[in-house]
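Structural overview for review
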Amino acid sequence: MEALRRRAAVEREALAEALAAARDGAASFRNRWRYAGWAASGIAAIATTGWKLFGRNSLAAKAGRIASAASLLLGIGRGVQRVRRFW
């Protein structure tokens, strides 16, 4: 009986150590994926902000198109004035 008690105690100790190691491994795995999720969220937020600020339909792009159109119209206006001067 005493041998069985010792064997049970040893096996309980081994089981407790194995469970603790598994728990630590699971916690480490969970932490790694949590940090990866945070990083992915941060990158997505930065990309979205960049697209809103500098994308095709952003205010900066619209201002650039308006400036290009204004420059073209001003250039045509100057050309017409020069041609009228010679007539």
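That block above? That's the structure.
A count of helical and extended segments in the protein chain gives two helices and zero strands. Projected onto its principal axes, the C-alpha coordinates of the protein chain cover approximately 125 × 15 × 10 Å. When the 87 residues of the protein chain are sorted by exposure, 2% land in the buried category. A total accessible area of about 8,000 Å² is found for the protein chain, and carbon and sulfur atoms account for 66% of it. Each charge class in the protein chain was averaged separately, 16 positive and 5 negative side chains, and the resulting centres sit 43 Å apart.

Turning next to the pattern of salt bridges. All chains considered together, the criterion is met by two salt bridges. E2 is the salt-bridge partner of R5, the closest N and O atoms lying 3.3 Å from each other. With R5 and E2 both in helix α1 (residues 2-54) and three residues apart, this pair spans about one turn of that helix. E11 is the partner of R7 in a salt bridge, and the nearest nitrogen-oxygen pair spans 3.1 Å. With a gap of four residues between them, R7 and E11 both fall in helix α1, about one helical turn apart.

The next thing to look at is a nonpolar patch on the surface. Taken together, the side chains of L72, L73, I76 and V80 present a nonpolar region at the surface, about 400 Å² in accessible area. Structurally, the position occupied by L72 is in helix α2 (residues 59-86).

Moving on, we come to the side chain of S58. Here S58 is to be found in the loop between α1 and α2. At 3.2 Å, the side chain of S58 and the backbone oxygen of L53 are in polar contact. Within the structure, the side chain of S58 is placed 2.9 Å from the backbone oxygen of G55, a separation counted as a polar contact. Beyond its immediate chain neighbours, meaning those up to four positions away, S58 contacts W51, K52 and L53.

In this section: the packing of aromatic side chains. Counted according to the given criterion, the structure contains two aromatic pairs. Between F29 and W33 the ring centres are 6.2 Å apart and the planes differ by 65°, which places this aromatic pair in the edge-to-face class. Taken together, the positions of F29 and W33, both in helix α1 and four residues apart, correspond to about one turn of that helix. Relative accessible area serves as the criterion here: at 47%, F29 is assigned to the partly exposed category. Taking 5.3 Å as the distance between ring centres and 65° as the angle between the ring planes, the aromatic pair formed by Y35 and W38 counts as edge-to-face. You can see Y35 and its partner W38 sitting in helix α1, three residues apart, about one turn around the helix. Residue W38 is classed as exposed on the basis of its relative accessible area, which comes to 54%.

So, how was this worked out
- Residues numbered from 1 in each chain as written.
- Predicted model: local features only at pLDDT ≥ 70, side-chain atom pairs only at ≥ 80, totals over all residues.
- Heavy atoms only, no water.
- Helix = DSSP H or I, 4+ residues; strand = E, 2+ residues; numbered from the N terminus.
- Buried < 20%, exposed > 50% of the residue type's maximum accessible area, 1.4 Å probe, protein only.
- Areas by Shrake-Rupley, 256 points an atom, 1.4 Å probe, with all protein chains shown as cover.
- Lys, Arg positive; Asp, Glu negative; His and termini not counted.
- Charge placed at Lys NZ, Arg CZ, Asp CG, Glu CD.
- Salt bridge = Lys/Arg side-chain N within 4 Å of Asp/Glu carboxyl O.
- Patch = residues over 30% accessible without salt bridge, like charges linked within 9 Å, V, L, I, M, F, W, Y side chains within 5 Å.
- Polar contact = N/O pair within 3.5 Å; in protein donor to acceptor, adjacent residues only side chain to side chain.
- Contact = heavy atoms within 4.5 Å.
- Phe/Tyr/Trp six-rings, centres within 6.5 Å; stacked < 30°, edge-to-face > 60°.

All we've got here are geometric facts, nothing functional implied.
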